[in-house]
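In case you want the letters, here they are:
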Amino acid sequence: MNQEELIGMSQKERDRLQVLQEAKKKRITQKQAGEQMGVTERWVRKLLARMRKEGDGAVVHRLRGRESNRKIAKEVREKAVALVKREYVDFGPTLAREYLGEGHGIEVSRETLRQWMMGAQLWKPRRARVERVHTWRPRRAQCGELVQWDTSEHDWLEGRGEQFYLIAMIDDASSRAKARFVRHDSTEENLRLLGTYLKRWGRPGAFYTDKASLFRTARAPQPEEQLEGQRPRTQIGRALEELGIEWIPAHSPQAKGRVERFFGTAQDRLVKGLRKAGASTLEEAQQYLEKVYLPLWNRRFVVAAANPTDAHRPLGREHHLAAILSWVESRVVAPDYTVRFQGRSYQIARASIRPGMRGGRVRVEKRLDASVAVRFRQHYLAVTVCEPSSPGRQPVQPARRSRKPASEAPPHRWMKGFDLQQSKPIWTILRNEQGGQPGNETAVLR
């Protein structure tokens, strides 16, 4: 056997050749040779017979250098690479493989497509990450124990339309997600998503969020909060407290890594999906999110919780969602039984007036449907909006008692014969009486 043939062998084939040569020289038995190579004694005899006919090259596998029967046709490879170059040039191998299979019927493995894309210089292999020492927090055991809640600002339409936000809630135990696009990251929009989640799955044990002003406030407590011993709360914090849901603040973005990774995946997969769907408005993006992306996420990336028992709690009769998911403020009832709220006055109906209401405090709720409800203690009141007077009409002033002009009033007895219009300042009179010498009037005054 020459040097070129030796170089063409693998290390395993070289080891086998050495064992077969020992068996050929009768230094070991064929049974011992089979045990060392991990083959049967019959196969050892067959290889020795081949060596007598073909030489040392008999240990080389017969399929070496031949194309595999499972090799994908060249035409399929060229078509796949052309499609990636034309339509999915910025897609990764995993996502491009899914689109090739669903849209074009080309079924290949991720690794095969990655090799094709690397050969066509459409994908660069990533450098191996330096392994860092990091202790991962284990998932919660049950669905509904902990739900991570956050918002991502991104150019989701890649300049094809307006920019908006993605609010998401993801279960810590299973990675099941609920999300919606919104124009503003406001309290109202977050409460809308909270209501959708509660109606779908019930009340979780706790929400895990950042320390944004939507969830935590630094304002001083109001007088009624001081009297009741309550800490200052945001509207979302009040709603969670009324629902019996714990709020846990995260001290760093890495702490809520589950929802951060959800956003990282969405900023790749969701953005490209919206592009392929041709979405250019918030409504179209929301439809794609609900009909395509979230079902795909919950089908592919959701894992089974360690404990199959659901930790969500049902909504009870005491949980009036429309009232809880409102903008709530406390107001004082005026003496005319009106309440002032957000620049408008609301008149309490006569039939709703109760003892202790005038000068007392009521709870005013501006609900998500823009309606306003007023509650005194445990009773909701019938109220109507006090319409302002028309601008062209002047309000009628009440009649006042007429007064005589000052000139017509009789003079005081001390002022009889004294004309105030013709009178001179007293110091002028006194100066003239003292001979016009300035400074003498002081002595006279004394």
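See the structure above.
From a predicted model like this one, the values you see are computed outputs, not experimental measurements.

Engineer: Which residues make up the nonpolar core, and what are the values?
Structural biologist: Counting residues in hydrophobic clusters, the biggest one holds 41 residues, and the most contacted among them are W156, L166, F181, F262, L270, L274 and Y293. Of all the secondary structure elements, the ones that give two or more residues to this core are α5 (74–87), α6 (93–104), α7 (110–119), β2 (164–171), β3 (177–182), α11 (257–277) and α12 (282–300). Not counting the four nearest positions on each side in its chain, Y293 is found in contact with F262, T265, A266, R269, L270 and Y288. Counting 22 residues, the second largest nonpolar core, distinct from the first, contains W149, Y197, F215 and I236.

Engineer: Explain the environment of L294 to me, using residue names and the numbers behind them.
Structural biologist: Tracing the backbone shows L294 in helix α12. By relative accessible area, L294 is classed as buried at 6%. Sequence separation between L294 and L270 is 24 residues, and the spatial gap between their C-alpha atoms is 9.5 Å. Every residue in contact with L294, bar those within four places of it in the chain, is listed here: A177, A179, F262 and L289.

Engineer: I'd like a description of the packing of helix α3 (residues 30–37) against helix α4 (residues 41–54), backed by residues and values.
Structural biologist: Relative orientation of the contacting elements α3 and α4 amounts to 100°, with a least axis distance of 8 Å. Classified by the angle their axes make, α3 and α4 are roughly perpendicular. Residues Q30, K31, A33, G34 and M37 of α3 lie in contact with α4, whose contacting residues are E41, V44, R45, L47 and L48. The residue inventory of the contact of α3 with α4, partitioned by class, reads five nonpolar, two polar and three charged.

Engineer: Give me the sheet that holds strand β11 (residues 379–381): which residues, what numbers.
Structural biologist: Pairing is antiparallel across the open sheet formed by four strands, whose spatial order is β6-β9-β10-β11. Only two strands of the sheet have a single partner each, and these edge strands are β6 (327–332) and β11. Averaged over all neighbouring strand pairs, the angle between strand axes comes to 35°, with direction disregarded. In terms of strand pairing, β6 meets strand β9 (residues 361–366) through six bridges, oriented antiparallel. Looking at the pairing, R331 lines up with V362 of β9.

Engineer: Give a description of the environment of R203 that names residues and reports values.
Structural biologist: Tracing the backbone through its elements, the reader meets R203 in the loop between α8 (187–201) and β4 (206–209). Excluding residues within four positions of it along the chain, R203 makes contact with L198, L243, G244, I245, A311, H312, R313, P314, L315 and H319.

Engineer: Run through the packing of α6 against α7, naming residues and quoting values.
Structural biologist: Remark: α6 packs on α7, axes separated minimally by 9 Å, with the N-to-C direction vectors making an angle of 110°. Looking at the two axes, α6 sits roughly perpendicular to α7. Seen from α6, the contacting residues are P93, T94, A96, R97 and L100; seen from α7, they are R110, L113, R114 and M117. Class assignment of the residues belonging to the contact of α6 with α7 gives a composition of five nonpolar, one polar and three charged.

Engineer: An account of the sheet that holds strand β12 (residues 383–385) is requested, with residue identities and associated values reported.
Structural biologist: Strand order in the open sheet formed by three strands is β7-β8-β12, with antiparallel pairing between adjacent strands. Of all strands in the sheet, those bounded by a partner on one side alone are β7 (338–341) and β12. Pairs of neighbouring strands in the sheet enclose a mean axial angle of 30°, with direction left out of account.

Engineer: Kindly report on the pairing of β9, identifying the contributing residues and their values.
Structural biologist: The pairing of β9 with strand β10 (residues 372–376) spans four bridges and is antiparallel. Bridging across to β10, R363 finds its partner in R375. In textbook terms, the turn of a hairpin is the stretch between consecutive antiparallel strands, and for β9 and β10 this stretch comprises five residues, one of which, A370, has a positive phi near 75°.

Engineer: Can you lay out the packing of aromatic side chains for me, pointing to particular residues and giving the numbers?
Structural biologist: Using the criterion set out here, one finds 12 aromatic pairs in the structure. Each residue in the set W149, Y197, W201, F207 and F215 is aromatic and connected to the rest through ring pairs, giving one cluster.

Engineer: Can you break down the pattern of salt bridges residue by residue, with the values?
Structural biologist: Under the defined criterion, the tally for this structure stands at 26 salt bridges. The salt bridge partner of E188 is R192, with a shortest N-O separation of 2.7 Å. A residue pair is termed a helical-turn pair when its members lie 3 or 4 positions apart in one helix, as E188 and R192 do in helix α8 at four residues. Residue R192 is classed as partly exposed on the basis of its relative accessible area of 28%. Each of R238, E242, R363, E365 and R367 takes part in salt bridges that share partners, so that together they form one network.

Engineer: Which residues make up α5, and what values go with them?
Structural biologist: Because an α-helix packs 3.6 residues into every turn, residues spaced three or four apart end up facing the same way. The end-to-end C-alpha distance of α5, which contains 14 residues, comes to 20 Å, matching closely the 20 Å that a straight helix rising 1.5 Å per residue would cover. Tucked inside the fold, the buried residues of α5 contact α6 and α7.

Engineer: Any chance you could break down the side chain of N190 for me, citing the residues and the numbers?
Structural biologist: In this structure, N190 sits in helix α8. Using a relative accessible area of 0% as the deciding quantity, one classes N190 as buried. Within the structure, N190 has its side chain in polar contact with the side chain of W149 (distance 3.1 Å). Sequence-distant contacts of N190, defined by excluding residues within four places in its chain, comprise W149, T151, I167, D185, L214 and I236.

Engineer: Can you tell me about unusual backbone geometry, naming the residues and giving the values?
Structural biologist: Residues other than glycine predominantly adopt negative phi, and peptide bonds predominantly adopt the trans conformation. For K26, which is not glycine, the phi dihedral falls at a positive 65°. Relative to the elements of secondary structure, K26 occurs in the loop between α2 (11–24) and α3. The exposure class assigned to K26 is exposed, which follows from its relative accessible area of 72%. Despite not being glycine, S175 has its phi angle at roughly 70°, a positive value. When you line up the elements, S175 lands in the loop between β2 and β3.

Scoring rules and cut-offs
- Residues numbered from 1 in each chain as written.
- Predicted model: local features only at pLDDT ≥ 70, side-chain atom pairs only at ≥ 80, totals over all residues.
- Heavy atoms only, no water.
- Core = buried A, V, L, I, M, F, W, Y, C linked by side-chain atoms within 4.5 Å.
- Buried < 20%, exposed > 50% of the residue type's maximum accessible area, 1.4 Å probe, protein only.
- Helix = DSSP H or I, 4+ residues; strand = E, 2+ residues; numbered from the N terminus.
- Contact = heavy atoms within 4.5 Å.
- Axes fitted to C-alpha atoms, helices over the stretch in contact; angles between N-to-C directions.
- Parallel < 35°, antiparallel > 145°, perpendicular 65-115°, else oblique.
- Nonpolar A, V, L, I, M, F, W, Y, C, P; charged D, E, K, R; others polar.
- Pairing = 2+ DSSP bridges.
- Phe/Tyr/Trp six-rings, centres within 6.5 Å; stacked < 30°, edge-to-face > 60°.
- Salt bridge = Lys/Arg side-chain N within 4 Å of Asp/Glu carboxyl O.
- Expected span 1.5 Å × (residues − 1).
- Polar contact = N/O pair within 3.5 Å; in protein donor to acceptor, adjacent residues only side chain to side chain.

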